[in-house]
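As a plain string of letters, each chain reads:
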2 protein chains.
Amino acid sequence: MGQDEGGSPQRARRASIRQVAAAARVSTSTVSNVLNNPDVVATSTRRRVEDAMAEVGYVRNGAARQLRGAPSTIAGCLLLDTANPFFAEVSRGIEDRLTEAGCLLIVGSTDVRAAQENNYLRMMEELGVRGILVNPSGSRLDRLVRLSGRGTPVVLVDHPRAGADLCAVAVDDVHGGGLAADHLLALGHRRIAFLGSQAGIRSLRDRGEGIRRSMRKAGLDVSSTLVEIPVPEPCTVDVADSVVDQVLAVSPRPTAVICFNDVVALGMLRGLRRHGIPVPGQMSVVGYDDVQFAEQLSPALTTVRQPKYQLGRAAAELLLAEDRPGHQHQEIRFTPELVVRASTAPPAIGG
Amino acid sequence: MGQDEGGSPQRARRASIRQVAAAARVSTSTVSNVLNNPDVVATSTRRRVEDAMAEVGYVRNGAARQLRGAPSTIAGCLLLDTANPFFAEVSRGIEDRLTEAGCLLIVGSTDVRAAQENNYLRMMEELGVRGILVNPSGSRLDRLVRLSGRGTPVVLVDHPRAGADLCAVAVDDVHGGGLAADHLLALGHRRIAFLGSQAGIRSLRDRGEGIRRSMRKAGLDVSSTLVEIPVPEPCTVDVADSVVDQVLAVSPRPTAVICFNDVVALGMLRGLRRHGIPVPGQMSVVGYDDVQFAEQLSPALTTVRQPKYQLGRAAAELLLAEDRPGHQHQEIRFTPELVVRASTAPPAIGG
DNA sequence: CTGTTAGCGCCTTCAG
DNA sequence: CTGAAGGCGCTAACAG
């Protein structure tokens, strides 16, 4: 098994089923049967073929199999940012379920950019992936519905069906926003900032809506109780940190802030510390997601927990079910829950 | 890994280049030229073909192209755990560089299990991916070298070349371990625990080695200064939390602990808090990686920073360079740096 | 400029 | 149980 000399940078063509057949002195279809219908081949022949495979270093050619009609072993997944701990957990859930089914996972971050999202979708469709799990960055689902209609199953992740004929896994964001607001209102806060992204992401709009409903339900005037502050993309710790100035500049100053996720809350805490504002003494902070580190922040973060890993697993499950005979599209809905820790307290008197 | 589930190919067959040709009343090769050599086709014909594509909903068939010899647009990436924030950042760096080159990324978590790793490698090879970026879970590189020899480029991620004929991107872990130990020794600690994983991961062995060298350099007896405590897989916050008991049971009790990553440090902090042990008053804690949340923990974590995103980008860069003519395998080496924060202090007197 | 042809590697008939 | 033949969708060569 010496290396080919000649210094050619081109990859050597891999051994095909034919080389194997030649080496084992059988026909190609026998080799194919050894691979796909082992029971149909005589044991001695099979042995010979298997030895030949090892000898020539045979590796199945996935492209040829797929071309011939085999189902793809790849699923795609498009999230806003795979490095964000929330999505990283979701993605891991997807990966684990797919692995159990013998599938691989392509991941992509859209960074809430439609062009990027479309690009990924196109490439994945061309590859003929088994399906695509997507957390849509915009509110238009028609492109995804068309994609699905063309034969590539689509499952919405962390997004409701919204009437579209697709499978979906969602978390009740209106409820989640309400939980955060109820908690702060119960503590006595009457001036609350909501750090939402400016990109108009559906989940954030819903949380905002939940917050407003909660305020109305408490008989408060939303316009004077709630201050919405957009967080520019990308939503990193540094960006969130820099938004603190804006929050503090609002007059009258809010006594509490609801962040749209725990990473933003992390930046918020850092910025507040920089400004010497004690949390929760002078400012209560609520996060969203309950990622791993939330419990151990300084102070421990009050936040709204979402099922992350389970969200991913459930989405993958729906995708795998797509090609089962009488499949019906369905939505799975999770409910978030409030986790109260140390970053929230009643507002300072006279605050 | 489980069996393929379901898989009845009920999907409608996609429109092929032939339908397009028919609809545009040209030959298939003209359609192909519109796709791949647009300049060679008359504008009016091209228009006609493009309209026909839209009409029949044409989507390129990646499998057929690949079979015909087109380079794959997919790269693979195998990390220990994609949900771990360190690897999530690395992976994002890889993804971004690949996207610039028009490539997609398959990710997989090995969870330090050889069988899982081999399974992924085989599947990726069968797919004919453009190359595989891998953070090897074991110390045996021969399988990877063979894989590379068969035509699938392999780049080691966060791992030195170790003499193998592969590209690699590494961080100097011996140095990193030394940084952590030097810092603690300078503070006066003489009884230090190292929480290494029991799986014998190369990077952790190296860090342990760096720690020992640092102690020897300081003229200390390693066996009485260092206590190595294995952390069982999986290395989650909860597991690390549960190891705290072991650390505290060591006699004489260590006054400082070096954790093999920040997630473990997170669990350590939680466990120590549970036991009512003040950090750094009764126990100093050093992490590794400097992930996003390290700065904001309670107390802010002293840790050894690794370039994460850049590590990923560099690895992807090497992979993309693999098929350039005259390519030589090379190693890129980064240097970690110590970030001192609030979780370390001199040992308590009489500690 | 456009059309024809011959496979890429594999799998599924259908004969033997 | 094994062998021969055709074609999946596409593209590189050549012919017109």
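- In the annotation of an unreviewed UniProt entry, the entry for chain A reads LacI family transcriptional regulator, and the organism field reads Amycolatopsis balhimycina DSM 5908.

## Remarks on the pairing of strand E1 (residues 74-79) of chain A
Residue and element names in this part refer to chain A.
Right, so step 1: Summarising burial for E1: six of the six residues are buried, a large majority.
Right, so step 2: Neither face of E1 is open: one carries Ile74, Gly76 and Leu78, the other Ala75, Cys77 and Leu79, and all of them are buried.
Right, so step 3: Of the strand pairs in this sheet, E1 and strand E2 (residues 104-109) are connected by six bridges, and their pairing is parallel. Bridge pairing links Leu78 to Gly108 in E2.

## Structural notes on empty space enclosed by the protein
Right, so step 1: For the structure shown, the criterion picks out two cavities of 30 Å³ or more.
Right, so step 2: Looking at the largest cavity, its volume works out to about 70 Å³.
Right, so step 3: Forming the walls of the largest cavity are Thr82, Ala88, Ser91 and Val107 of chain A together with Thr82, Ala88, Ser91 and Val107 of chain B.
Right, so step 4: Among the elements of the structure, helix H5 (85-100) of chain A together with helix H5 (85-100) of chain B are those that each provide at least two residues to the lining of the largest cavity.
Right, so step 5: Of the residues that constitute the lining of the largest cavity, the class distribution is four nonpolar, four polar and no charged.

## Details of the packing of helix H1 (residues 17-24) of chain A against helix H3 (residues 43-56) of chain A
All names here are of chain A.
Right, so step 1: Interaxial distance between H1 and H3 falls to 8 Å at its minimum, and their mutual angle equals 120°. One finds that H1 runs oblique with respect to H3. In this structure, H1 crosses over H3, and the sense of that crossing is right-handed. Together, Gln19, Val20, Ala23 and Ala24 of H1 and Arg48, Val49, Ala52, Met53 and Val56 of H3 make up the contact between the two elements.
Right, so step 2: For the contact of H1 with H3, the per-class residue count stands at seven nonpolar, one polar and one charged.

## What about the protein's contact with DNA strand C?
Right, so step 1: Taken together, 22 residues surround DNA strand C, and among them Arg13, Ile17 and Tyr58 of chain A together with Thr45 and Arg68 of chain B come closest.
Right, so step 2: When the atoms of DNA strand C within 4 Å of the protein are grouped by moiety, sugar and phosphate amount to 68% of the total.
Right, so step 3: Between Asn36 of chain A and DNA strand C, the recorded distance is 3.4 Å, taken from a side-chain N or O atom to a phosphate oxygen.
Right, so step 4: Those elements giving two or more residues to the surface near DNA strand C turn out to be H1, helix H2 (28-36) and helix H4 (62-67) of chain A together with helix H2 (28-36) of chain B.
Right, so step 5: Counting residues per element, the surface near DNA strand C draws most heavily on H2 of chain A, at three residues.
Right, so step 6: Split by residue class, the surface near DNA strand C holds eight nonpolar, nine polar and five charged.

## Considering the packing of aromatic side chains
Residue and element names in this part refer to chain B.
Right, so step 1: In this structure the tally under the stated criterion is three aromatic pairs over all chains.
Right, so step 2: Seen in terms of ring centroids, Phe86 and Phe87 are 5.0 Å apart; in terms of plane orientation they differ by 70°. Their pairing is edge-to-face.
Right, so step 3: Take Phe86: its relative accessible area is 3%, and that puts it in the buried class.

About the thresholds
Position labels on residues start from 1 in each chain and follow its written sequence. The order in which chains are written sets their letters, starting at A; the order in which ligands are written sets their numbers, starting at 1. With pLDDT at 70 or above as the cut-off, local features in this predicted model cover only qualifying residues; side-chain atom pairs require 80 or more to be listed or tallied, and sums for whole chains, interfaces and linings still use all residues. Hydrogen atoms and water are omitted, and side-chain values are computed over all heavy atoms in the structure. Only protein chains enter the area calculation, which uses a 1.4 Å probe; residues under 20% of their type maximum are buried, those over 50% are exposed, and those in between are partly exposed. A run of H or I in DSSP becomes a helix once it reaches four residues, and a run of E becomes a strand once it reaches two; helices and strands are each numbered from the N terminus. Should DSSP find at least two bridges between two strands, the strands are regarded as paired. In this analysis, the protein atoms alone were mapped onto a 1 Å grid. Cavities are point sets where a 1.4 Å probe fits without being able to get out; pockets are open sets with protein on both sides within 12 Å along at least five of seven lines; lining residues have an atom within 4 Å of a point. Grid points are joined across faces, edges and corners, and a volume is the space filled by probe spheres set on the points. Three categories are distinguished: nonpolar for Ala, Val, Leu, Ile, Met, Phe, Trp, Tyr, Cys and Pro, charged for Asp, Glu, Lys and Arg, and polar for the others, with Gly belonging to the last. The angle between two axes is taken between their N-to-C directions and runs from 0 to 180 degrees, where each axis is a line fitted to C-alpha atoms and a helix contributes only its stretch in contact. Oblique is the label for any angle not under 35 degrees, not over 145, and not in the 65 to 115 range, which are roughly parallel, roughly antiparallel and roughly perpendicular in turn. Crossing handedness is defined as follows: a turn of the near helix away from the far one that is anticlockwise and smaller than a right angle gives a left-handed crossing, while the clockwise case is right-handed. Here a residue-residue contact requires only that any non-hydrogen atoms of the pair lie within 4.5 Å. Definition of nearness: a residue and a molecule or strand are near each other if at least one heavy atom of the residue lies within 4 Å of the molecule or strand. Any pair of nitrogen or oxygen atoms within 3.5 Å is treated as a polar contact; in protein, a donor-acceptor pairing is required on top of that, and neighbouring residues in sequence qualify only through side-chain atoms on both sides. Any Phe, Tyr or Trp ring, taking Trp's six-membered ring, that has another such ring centre within 6.5 Å forms a pair; planes under 30 degrees apart are called stacked, those over 60 apart edge-to-face, and the others tilted.

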